[in-house]
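Chain by chain, the residues run as shown.
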Amino acid sequence: MSVLASPQLWASTLAMAVPLALPALGGTFSERTGVVNIAMEGIMLVGAFFAVTFAYYTGSAWLGLLIALVMGAIVAAIFAWAAIRLAADQVVLGMAVNIFAAGLTAFLLDTIFGYTGTPPNTPQLPSVDIPFLDHIPFIGAILSHQSILLYVMLVLVVLSHWFLFHTKLGLRMRAVGENPLAADTVGLNVWRLRYLGVIIGGVLSALGGAYLSIGILHSFDVGMTGGRGYIALAAMIFGKWTPFGAFGASLLFGFANALAIALQGHGVSPNLLQMLPYALTILALCGLVGRSTPPAADGIPYEPRR
Amino acid sequence: MKWKVWSTAAAAVLGMSALAAGCGAGTGAGAANNTTAAGGGHPDFKVALVTDTGGLNDHGFNYLSSVGLDRAKKDFGITTAVTESHAQSDYVPNLTRFAQQGYNLVIAVGFLMDSAVKQVAKQYPNTKFLIIDDDIEGQPNVTSALFKTEQCGYLVGALAGLMEQQKGIQGLNDKNVLGVVGGMQIPPVDSYIAGFVQGVKKTDPNATVEIKYAGSFNDQAQGQQVAQQEIADGADIIFQVAGGTGLGVINACKNAGVYAIGVDADQNYVAPQTVITSALKGVDTATYDVIKQALNNQFKSGAQYFDLANNGVGIAPTNSVVPKSIVDQVNQLADQIKSGQIQVSATLSK
């Protein structure tokens, strides 16, 4: 119980939920419009790498972040073009992006920075301390020194929910993911809406990658996302393709991770504890939370009738 | 619709396995880049380096081994080649290729290449092999470089213990807790940690040493979280034995205003105020020495131990935070280890 009362456990839960929630949110946007997106891992890596590179060369972490988002959008746009215009298999495409991104970032890291890795004086995004919250005993300790991107993520979760479920554009995006033929019939541009969904997904995934590289750290390492893009995929499904669901699932995975760290050294094998988040993933995918129904047209390319 | 959930889930699992396979995917397509030093030397003496799946940017032994190779190339004018292995199944073909091409010495980095070296060395008895971190005996053309990292772990542990005892060092609390973040629970990591624990026990018997593992060698974010947990538990000096993951540990220490101890190489450059010293593993020295032996026809098969006495392991220069008196005491302990007065065990007692 003393473990649960430690503010560090909850601080770590929040910190580790961010790089899951952002790509999970991104995946939600993409799949809501009907494009299966398993490329979050790759786009995160691309975002993480370009964030560090441009933060270092421009001297501004914010500019690095901006470029990371642009690169995320570009990779997602290429993915979207192949998935939507060329009607290629979306799962295969997603894997291609992931493998490509792993190779590209490793190659660029060695070429640009050499084998010693990114320079230690790379700037980092600020962490924030909210003045009045800091003085509340427990909450203050949890929220102190968290990256600014944590708060950005919280705002984005709410915004995404509002956008997808309470705006006209959100309704249209969901419509092309459920029944593109009907949406096309009433005059919606299915392809354009799908492009929008995938590109928003790419930007959010890149933001998740940038959180890892310049949000809580200021360096990049080969494969530093460590499979978080795939856990995010599970969080998206677990969260039933809704922003709040994805956020909640990410919190749970973040908690499992934090708990695995906190429990080490208390007599349980660390190897066993490290399985915790992954065991949870399997449970989640096995339908622990009941039936998880994807958008009806998820993964099916659409040929418009002209 | 249910099949879609399952196909996505299957894709996720597929993705994870691809990730596991690809996590060592370093650069290029395994192309060897042959280079010869300009003028003089021994351009006919050819040395090849084959990394394990960690690749050259592992912040660890692969990288250090290539540093030693580069230095040998500069000093002796030999011809060198480097190939990164992307999967365990690459080991045998990579080693075989260089043996076939008539390389004099082929360096295999890491205990993971044990069976590959045994197999290829038998087929090519005229090629000499060096394997790092693994013990191969009874094969006349194979030499093994083994490091007594428990000795340098002991020294940084003793130093950390003395720091805890010292009053008035900025950033240190009075909880007397030390942290260790390991990459994975495997022998090359645990030998460092075993030494560290014994060193702490020597100089600060009442200290608590909190040992946690990040479960990865390239997940900096995870390393940072593990370190933050230890800092929250009161740790004010953290020894990282976690490769790339350790950079996140150092970052967490820097942010929290506590101290870190680096591993393998002198990592003071990462955060000069934070990294008070590093436990050094001289993979570069070992590589250089064996190349020199082979070049001078002094190649000896079997295990070669690199320890404090022959500068195979060591402790990096301390930063300004560490008082001179502590450095002197640690140097005395180093002498006692060299003379055999202190024996350090490589296994971590539970």
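None of the values given here were measured: they were computed from a predicted structure. (Residues numbered from 1 in each chain as written. Chains lettered and ligands numbered in written order. Predicted model: local features only at pLDDT ≥ 70, side-chain atom pairs only at ≥ 80, totals over all residues.)

### Quick notes on the overall build of chain A
Selection rule: Here a strand is any run of E in DSSP of at least two residues, a helix any run of H or I of at least four, and the numbering for each starts at the N terminus. Based on C-alpha atoms, the radius of gyration is set beside the globule rule, defined as 2.2 Å times the residue count to the power 0.38.
From N to C terminus, chain A includes 13 helices and 2 strands. In summary, chain A has a C-alpha radius of gyration of 19 Å against a globular reference of 19 Å for 306 residues, a match within 12%. Seen through its principal axes, chain A has C-alpha atoms that stretch 60 × 45 × 40 Å.

### Here we look at the domain arrangement of chain B
Applied cut-off: Where each domain begins and ends follows an automated or database-derived domain assignment.
Parsing chain B into structural domains produces domain 1 (26-147 + 283-306) and domain 2 (149-281 + 320-338). For domain 1 of chain B versus domain 2 of chain B, the separation of C-alpha centres amounts to 31 Å.

### What to know about the interface of chain B and chain A
Just so we agree on the cut-off: Throughout, a residue-residue contact means that the two C-beta atoms, derived from backbone geometry, are no farther apart than 7 Å. The nonpolar class holds Ala, Val, Leu, Ile, Met, Phe, Trp, Tyr, Cys and Pro. Asp, Glu, Lys and Arg form the charged class, and all remaining residues, Gly among them, are polar.
Chain B puts 48 residues into the contact, and the matching count from chain A is 50 residues. Sorting the residues of the side of chain B that touches chain A by element identifies α1 (2-22), β8 (208-213), α7 (220-232) and α8 (245-256) of chain B as the ones contributing at least two each. It is α1 of chain B that contributes the most residues to the side of chain B that touches chain A, 12 residues altogether. Each residue belonging to the side of chain B that touches chain A can be placed in one class, and the counts come to 21 nonpolar, 23 polar and 4 charged.

### Points about helix α3 (residues 91-100) of chain B
Residues and elements named next belong to chain B. For clarity, the cut-off: Any residue surrounded by 20 or more other C-beta atoms within 10 Å of its C-beta is treated as buried, while 12 or fewer makes it exposed and the intermediate range makes it partly exposed; C-beta atoms here are placed from the backbone. As used here, the arc belongs to the directions running from the helix axis to the C-beta atoms.
Listed in full, the buried residues belonging to α3 are Tyr91, Asn94, Leu95, Phe98 and Ala99. Looking straight down α3, one finds that the buried residues subtend no more than 130 degrees of arc, so they occupy a single side. Remark: Gly102 follows α3 within two positions and exhibits a positive phi of approximately 80 degrees.

### Side note on the sheet that holds strand β10 (residues 259-264) of chain B
All names here are of chain B. What counts, and what does not: At least two bridges found by DSSP between two strands are what make those strands a pair. A fitted line through C-alpha atoms serves as each axis, taken over the contacting stretch for helices, and the angle formed by two N-to-C directions is quoted from 0 to 180°.
Strand order in this open sheet of 6 strands is β8-β7-β9-β10-β11-β13, and the pairing throughout is mixed. If you trace the sheet from one side to the other, it starts and ends with β8 and β13 (313-315), each paired once. Within this sheet the neighbouring strands show an average axis-to-axis angle of 15 degrees, counted without direction. With 3 bridges connecting them, strand β9 (residues 235-241) and β10 associate as parallel partners. Within the sheet, the bridge partner assigned to Ile238 lies in β10 and is Ala260. Across the sheet, helix α6 (residues 187-203) lies against β7 (177-182), β8, β9, β10 and β11 (275-281), angled at about 170 degrees from β7, the strand it touches most.

### Notes on the pairing of strand β2 (residues 46-50) of chain B
Residue and element names in this part refer to chain B. Quick note on the threshold: By convention a crossover is right-handed if, when the strands point away from the viewer, the path from the first strand over the helix to the second runs clockwise.
Counting buried positions along β2 gives 4 out of 5 residues, so the element sits mostly inside the fold. Bridge analysis of β2 against strand β3 (residues 79-83) gives 5 bridges, and the strand direction is parallel. Within the sheet, the bridge partner assigned to Val50 lies in β3 and is Thr83. A crossover connection joins β2 to the parallel β3 through helix α2 (residues 61-76); in handedness this β-α-β unit is right-handed. Two strands pair when backbone bridges link them, and β2 and strand β4 (residues 105-109) are joined in this way by 4 bridges, in the parallel orientation. Along β4, the bridge assignment pairs Val50 with Ala108.

### Some thoughts on the nonpolar core
Under the convention used in this document: Definition of nonpolar core: a set of buried Ala, Val, Leu, Ile, Met, Phe, Trp, Tyr and Cys residues joined via C-beta atoms within 7 Å.
Counting residues in each nonpolar core, the largest one holds 211 residues, and the members touching the most others are Ala21 and Ala235 of chain A together with Val106, Ala108 and Val117 of chain B. Among the elements that make up this core, the one with the highest residue count is helix α9 (residues 190-215) of chain A (15 residues). Split by domain, this core shows at least three residues from each of two domains, domain 1 (26-147 + 283-306) and domain 2 (149-281 + 320-338) of chain B. With sequence-adjacent residues up to four places away left out, Ala235 of chain A is seen in contact with Leu20, Ala24, Ala246, Ala249, Ser250 and Phe253 of chain A.

### Focus on helix α6 (residues 148-166) of chain A
Each full turn of the α-helix corresponds to 3.6 residues, which orients residues three or four apart in the same direction. Residue and element names in this part refer to chain A. Where we set the bar: Helix span, expected: 1.5 Å multiplied by one less than the number of residues in the helix.
Its 19 residues place the ends of α6 27 Å apart at the C-alpha level, agreeing with the 27 Å of an ideal helix rising 1.5 Å per residue. Taken residue by residue, α6 has Leu149, Leu150, Met153, Leu156, Val157, Ser160 and Leu164 as its buried positions. The arc enclosing the buried residues of α6, seen along the axis, measures out at 110 degrees, which places them on a common side. Facing away from the buried side of α6, by more than 90 degrees, are the exposed residues Val155, Val158, Leu159, Trp162 and His166. Looking at the buried side of α6, the elements it contacts are α1 (7-32), β2 (146-147), α7 (168-178), α9 and α11 (243-263).

### Quick word on the packing of α1 of chain A against α9 of chain A
Residues and elements named next belong to chain A. Stated precisely, the cut-off is as follows: Orientation categories follow fixed angle ranges, with anything under 35 degrees roughly parallel, anything over 145 roughly antiparallel, 65 to 115 roughly perpendicular, and all other angles oblique.
Following both chains from N to C, one finds α1 and α9 inclined at 170 degrees, their axes separated by 7 Å at the closest point. In terms of axis orientation, α1 runs roughly antiparallel to α9. Contact residues: Val18, Pro19, Leu22, Pro23, Leu25, Gly26, Gly27, Phe29, Ser30 and Arg32 in α1; Gly197, Val198, Ile200, Gly201, Gly202, Leu204, Ser205, Leu207, Gly208, Tyr211 and Leu212 in α9. Within the contact of α1 with α9, the residues separate by chemical class into 12 nonpolar, 8 polar and 1 charged.

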